[in-house]
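The chain contents come next:
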Amino acid sequence: NPAKIDKIVSLCKRRGFIFQSSEIYGGLNGCWDYGPVGVELKRNLKNYWWRCMTQLRDDVVGLESSILMNRAVWKASGHETTFSDPMVDCKTSKRRFRADQLDYSECGQKPSKTPSTCGGELTQPRNFNLMFKTYVGPVEDESAITYLRPETAQGMFVQFRNVLEVSRKKLPFGIAQIGKAFRNEINPRNFTFRSREFELMEVEYFCRPEQGFELLEYWLEERLKFYDSIGINRKQIHVREIPEKDRAFYSKKTYDLEFEFPFGVQELEGIAYRTDYDLIQHQKVSGKPLDYFDEETKQKFVPHVVEPAAGVDRTTLALICAAYDEEAVTDEKGGTETRIVLRFHPRMAPVKCGVFPLLKNKPELVGKAREVCDLLRPHLAIFYDEAGAIGRRYRRQDEIGTPFGVTIDFDTLGEKGPDLKETVTLRDRDSMKQERVKIQDLPARLLAAIR
Ligand code: GAP
């Protein structure tokens, strides 16, 4: 449904999820900024991934390695020579396209055509390295060259020895990292899906050689469970085993988890059995040992690696796409209108609860609503809103996916009798059902739903 992505892009801007980077200067292709609610959504995702991958496990520890690393890292890993996409140039339009994506690219002419059908003369494919080159220090010569990292993985491989020593872990164990990565993609497209600056959440899970295939299956299952727990269910994910001809040369087996985006079924995460390729390479080029001594068997060997690598931005986009819904509802005058609602899992929702005084010009209602804010704020992300009709305020929260709304009305003040005093209306985003809840019960009630 291609129209759906246009609606999502427009909602993301209107409600403050995602803006074009440097927008007032015409933008920068392939770069995006996360607005006030977008940054909360993305942070919820990263924090939950971190919690599941490190804090709730005994066998994975964290790392934050630098974005700039010694150029030797990229020589050893093979990125300097092989991290490239085939590209063709159009001699007519002077544009450049990925040779394997001509059917999905736009040639730039109106009416819009693809580079393979517009009649422009294309060059033979050439390899284009995707790493952003930069210089470290004041002299811009060959010896100062390095790259912005295109993946966080290498930082974990080159710190393998240090992490092993300080964590005193035994195989199998993993290192987890979340961080920025940069790729000079030839055709950034589909909103944030293919960006030039993006974030990765990666685990390098080190194991004995004979455990590799089995652990690949284990991580596939773990990752599917993770997506389910953030509101992307298994039916929306396609597991694709990558055929040998399309796999990275060092991988013995790879699964891609693909999601049904409105622009097609596309990769969300790769789970690769990377063998011992990376550690062996770094051991060879650095001359430093990156092996493991097994106390039981008294053997020394270089561990194998299984790597679940997910894109933060792609998963954030998938969360928005999976949550987006439109439904016909009765408006205030008895007609029908379309309600746009993001049905986020409460755990991921940027705001957990809206707090609304029924009327803004009644100081008692406003004062009580502020008290409710103070009660809830230490526990969860809330949004206070007193502007406009209550129905409009609910709709605004629906559009950012806030699972709960609390309204403070005259009953709360005890005007209809003591029974309802100190109670509020709790509205559920999905069913739009409302119930009376005691103010003092709100924190526990809401926390139980969002954890
Ligand atoms: N260390 C392994 C690695 O980097 P990858 O398949 O190249 O593997 C992992 O990338 C994930 O990063 C992808 O599944 C995707 O979610 C995300 N990703 C890759 N390139 C991206 C881009 N240009 N924009 C946004 N996300 C991207």
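Now for a look at the structure at hand. Keep in mind it's a predicted model, so treat the numbers as computed, not measured.

Parameters and conventions
Residues numbered from 1 in each chain as written. Predicted model: local features only at pLDDT ≥ 70, side-chain atom pairs only at ≥ 80, totals over all residues. Heavy atoms only, no water. Near = heavy atom within 4 Å. Polar contact = N/O pair within 3.5 Å; in protein donor to acceptor, adjacent residues only side chain to side chain. Areas by Shrake-Rupley, 256 points an atom, 1.4 Å probe, with all protein chains shown as cover. Helix = DSSP H or I, 4+ residues; strand = E, 2+ residues; numbered from the N terminus. Nonpolar A, V, L, I, M, F, W, Y, C, P; charged D, E, K, R; others polar. Expected span 1.5 Å × (residues − 1). Buried < 20%, exposed > 50% of the residue type's maximum accessible area, 1.4 Å probe, protein only. Arc of directions from axis to C-beta. Contact = heavy atoms within 4.5 Å. Pairing = 2+ DSSP bridges. Core = buried A, V, L, I, M, F, W, Y, C linked by side-chain atoms within 4.5 Å. Axes fitted to C-alpha atoms, helices over the stretch in contact; angles between N-to-C directions. Parallel < 35°, antiparallel > 145°, perpendicular 65-115°, else oblique. Left-handed = near helix turned anticlockwise from the far one by under 90°.

Points about the site of the ligand
With respect to spatial proximity, 19 residues lie near the ligand, and among them Glu-151, Glu-185, Glu-202, Glu-267 and Leu-268 are the closest. In this structure, Glu-202 approaches the ligand through a side-chain N or O atom, which is 2.3 Å from a nitrogen atom. A distance of 2.9 Å separates a nitrogen atom of the ligand from a polar side-chain atom of Glu-307. Starting from 550 Å² of accessible surface for the ligand in isolation, the protein chains cover 89%. Mapped by element, the contributors of at least two residues to the shell around the ligand are strand S10 (197–207), strand S13 (264–275) and strand S16 (304–311). Tallying contributions element by element places S13 first for the shell around the ligand, with five residues. Residue composition of the shell around the ligand, grouped by class: six nonpolar, three polar and ten charged.

Points about helix H10 (residues 363–376)
Under the 1.5 Å per step criterion, the end-to-end length of H10 is 20 Å for 14 residues, consistent within 8% with the ideal 20 Å. Residues of H10 that are buried include every one of Leu-365, Val-366, Lys-368, Ala-369, Val-372, Cys-373 and Leu-376, and no others. In a view along the axis of H10, the buried residues occupy a sector of 165 degrees, so they form one face of it. Residues of H10 that are exposed and point over 90 degrees away from its buried face: Pro-363 and Asp-374. Those residues of H10 hidden inside the fold are in contact with strand S19 (353–357), strand S20 (382–384), strand S21 (404–408) and helix H12 (442–450).

Quick word on the pairing of strand S4 (residues 84–89)
As judged from the four bridges shared by S4 and strand S6 (residues 126–129), these two strands associate in the antiparallel manner. Bridge pairing in S6 links Asp-85 to Phe-128. Where S4 lies against strand S5 (residues 96–98), three bridges are found, and the strand directions are antiparallel. Its bridge partner lying in S5, Val-88 is registered against Phe-97. Linking S4 back to S5 in an antiparallel pair, the connection comprises six residues, with Lys-94 at a positive phi of about 65 degrees.

Comments concerning the nonpolar core
The biggest cluster of nonpolar side chains holds 58 residues, and the ones touching the most others in it are Phe-17, Tyr-227, Ile-230, Phe-261 and Phe-344. Formed by 22 residues, the second largest nonpolar core is a distinct cluster that contains Val-355, Leu-365, Leu-447 and Ile-450.

Things to note about the packing of helix H2 (residues 36–55) against helix H7 (residues 212–229)
Two numbers describe how H2 lies on H7: the axes approach to 12 Å, and their chain directions differ by 140 degrees. In terms of their interaxial angle, H2 and H7 are classed as oblique. Read as a crossing pair, H2 and H7 show a hand that is right-handed. For the pair formed by H2 and H7, the contact residues are Leu-45, Tyr-48, Trp-49, Cys-52 and Met-53 on the first element and Trp-219, Arg-223, Phe-226 and Ser-229 on the second.

These results come straight from atomic positions and should not be treated as a statement about function.
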